[in-house]
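In case you want the letters, here they are:
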Amino acid sequence: GCTASCTNFCKIPTQRFFKEAFGVDARLDPNHEDGSCMMTFGVAPAVNDPAFDAPCYTTCAKGKCDGGAPCHRLGEPPKGL
């Protein structure tokens, strides 16, 4: 797995889908320790989303484990989600 894949291909698109398709806030909070994810409806995504501070998984083939620095493939958090 990859921290960036979790955030960019699942978390952000799913939150956006529920807001755009149904007008419902949904917040996904990934647990990078066990690979699970908590989805909470009616709660807006965090403005300063901690998902964008998550480090690379030690098992990531392209990971750069820089002592807890955010994953280098995360990019910038979306504006106005």
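Residues numbered from 1 in each chain as written. Predicted model: local features only at pLDDT ≥ 70, side-chain atom pairs only at ≥ 80, totals over all residues. Heavy atoms only, no water.

Draft legend 1. Layout of helix α1 (residues 3–22). Counted at 1.5 Å a residue, the expected span for α1 with its 20 residues is 28 Å, and the 27 Å between its end C-alpha atoms agrees. Along α1, the largest kink reaches about 25° and is centred on proline 13. Of all the positions in α1, only Thr3, Ala4, Thr7, Lys11, Ile12, Gln15 and Phe18 are classed as buried. In the segment just after α1, glycine 23 is the residue with positive phi, at about 70°. (Helix = DSSP H or I, 4+ residues; strand = E, 2+ residues; numbered from the N terminus. Expected span 1.5 Å × (residues − 1). Bend = angle between axes of the 7 residues up to and from the residue. Buried < 20%, exposed > 50% of the residue type's maximum accessible area, 1.4 Å probe, protein only.)

Draft legend 2. Spatial organisation of a nonpolar patch on the surface. Taken together, the side chains of Phe17, Phe22, Val24, Met39 and Phe41 make up a nonpolar region of the molecular surface, amounting to roughly 480 Å² of accessible area. Secondary-structure elements contributing two or more residues to the nonpolar patch are α1 and β2 (36–41). Residue methionine 39 is classed as partly exposed on the basis of its relative accessible area, which comes to 33%. (Patch = residues over 30% accessible without salt bridge, like charges linked within 9 Å, V, L, I, M, F, W, Y side chains within 5 Å. Areas by Shrake-Rupley, 256 points an atom, 1.4 Å probe, with all protein chains shown as cover. Salt bridge = Lys/Arg side-chain N within 4 Å of Asp/Glu carboxyl O.)

Draft legend 3. Seen up close, the nonpolar core. In this structure, Cys2, Ala4, Ile12, Phe52, Cys56, Tyr57, Cys60, Cys71 and Leu74 together form the largest nonpolar core, which totals nine residues. The residues touching leucine 74, leaving out its near neighbours within four places in the chain, are Thr3, Ala4, Thr7, Asn8, Ala51, Phe52, Asp53 and Ala54. (Core = buried A, V, L, I, M, F, W, Y, C linked by side-chain atoms within 4.5 Å. Contact = heavy atoms within 4.5 Å.)

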